[in-house]
Amino acid sequence: AQTVTQSQPEMSVQEAETVTLSCTYDTSESNYYLFWYKQPPSRQMILVIRQEAYKQQNATENRFSVNFQKAAKSFSLKISDSQLGDTAMYFCAFYTGTASKLTFGTGTRLQVTL
Amino acid sequence: GAGVSQSPSNKVTEKGKDVELRCDPISGHTALYWYRQSLGQGLEFLIYFQGNSAPDKSGLPSDRFSAERTGGSVSTLTIQRTQQEDSAVYLCASTPSTGTDTQYFGPGTRLTVL
């Protein structure tokens with residue numbers, strides 16, 4: 001069974017600073033997909049970034065980038081130039097075709113302060 | 001509409017009553033997922049529909065939970081004889097084909113069982 005672990009229940013960062021959210025996972029699969037989702041107080045789950053495991057290049061989306069370490073089964077999210085609107089719960093998620101579902105971590109609550 | 005919609009937004013019910021939660025996926029999306037998010041937890045997979053195939057019900061927590069998808073579009077999640085532990089946010093997601101595509105989430109239904 002796949003598991004996803006987010007070891008930081010809460011984090012805080014000042015506006016314009018950089019913060020890194022950690023995520024580790026466990027799987028015996030070789031081909032899979034990794035995602036970071038953001039959930040603001042509105043409850044809407046919003047995709048932040050996606051990484052295919054077969055791609056060695058780390059995914060980036062504007063201020064968001066990942067550090068994907070396949071051997072270590074680590075998938076951290078870096079948010080640069082943090083903005084107040086980044087305040088939200090962040091969930092790491094894992095998908096394989098054999099399971100046909102997303103497996104989520106328990107989330108990290110990020111607070112961006114002035 | 002452009003996104004996944006869910007209704008109702010909030011539902012308060014008494015223990016023992018039945019409830020129905022509705023999900024309208026993005027038009028043309030063949031795959032539909034239901035997840036449950038309990039307070040302070042990540043998302044827990046419930047059920048998955050893909051086209052005309054038999055649904056993957058492996059995540060349903062008990063036989064009080066059922067779901068159907070009519071005409072390959074709208075889906076209804078039914079919880080019979082609700083219990084207080086059923087209180088959670090129920091999220092629906094859809095994808096164009098399989099979960100290797102990005103899953104687009106609806107805003108969820110917050111269910112409170114008194």
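About the criteria used
- Residues numbered from 1 in each chain as written.
- Chains lettered and ligands numbered in written order.
- Predicted model: local features only at pLDDT ≥ 70, side-chain atom pairs only at ≥ 80, totals over all residues.
- Heavy atoms only, no water.
- Helix = DSSP H or I, 4+ residues; strand = E, 2+ residues; numbered from the N terminus.
- Rg over C-alpha atoms; globule rule 2.2 N^0.38 Å.
- Buried < 20%, exposed > 50% of the residue type's maximum accessible area, 1.4 Å probe, protein only.
- Contact = heavy atoms within 4.5 Å.
- Areas by Shrake-Rupley, 256 points an atom, 1.4 Å probe, with all protein chains shown as cover.
- Lys, Arg positive; Asp, Glu negative; His and termini not counted.
- Charge placed at Lys NZ, Arg CZ, Asp CG, Glu CD.
- pLDDT = per-residue confidence, 0-100.
- Pairing = 2+ DSSP bridges.
- Axes fitted to C-alpha atoms, helices over the stretch in contact; angles between N-to-C directions.

## Quick notes on the overall build of chain B
Helix and strand counts for chain B come out as zero helices and ten strands. In chain B, the order of α-helices and β-strands from amino to carboxyl end is β-β-β-β-β-β-β-β-β-β. In terms of overall dimensions, chain B is globule-like: its C-alpha atoms have a radius of gyration of 13 Å, near the 13 Å expected for 114 residues. Reported as C-alpha extents along the three principal axes, the dimensions of chain B are approximately 35 × 25 × 25 Å. A burial count over chain B gives 47% of its 114 residues as buried. Taking the contacts inside chain B whose residues are at least 6 apart along the sequence as the reference set, 55% of them involve residues at least 24 apart. Accessible area of chain B: about 5,200 Å², with a carbon and sulfur share of 46%. Charge separation in chain B, taken as the distance between the mean sites of 10 positive and 11 negative side-chain charges, equals 4 Å.

## Here we look at the overall build of chain A
Scanning chain A for helices and strands turns up zero helices and twelve strands. Ordering the α and β elements of chain A from the N terminus gives β-β-β-β-β-β-β-β-β-β-β-β. For chain A, the C-alpha radius of gyration of 14 Å lies close to 13 Å, the compact-globule estimate for 114 residues. Taken along the three principal axes of its C-alpha coordinates, chain A extends 45 × 25 × 20 Å. Among the 114 residues that make up chain A, the fraction classed as buried is 51%. Expressed as a percentage of contacts within chain A between residues at least 6 apart in sequence, the contacts between residues at least 24 apart total 54%. Surface exposure of chain A reaches about 5,500 Å², of which carbon and sulfur atoms provide 45%. Each charge class in chain A can be summarised by its mean position, and for the 10 positive and 9 negative side chains these summaries are 7 Å apart.

## What about the confidence of the model for chain A?
With 100% of its residues at a pLDDT of 70 or more, chain A shows a mean pLDDT of 93. For chain A, per-element mean pLDDT is lowest for strand 11 (residues 101-104) of chain A, which scores 89, and highest for strand 3 (residues 19-21) of chain A, which scores 98.

## Regarding the sheet that holds strand 6 (residues 65-69) of chain B
All names here are of chain B. Strand order in the open sheet formed by four strands is 1-3-7-6, with antiparallel pairing between adjacent strands. Whereas interior strands pair on both sides, the edge strands pair on one side only; in this sheet they are strand 1 (5-7) and strand 6. With direction set aside, neighbouring strand axes in the sheet form an average angle of 15°. As defined by bridge partners, strand 1 adjoins strand 3 (residues 19-24) across three bridges and the pair is classed as antiparallel. In the strand pairing of strand 3, glutamine 6 is matched with cysteine 23.

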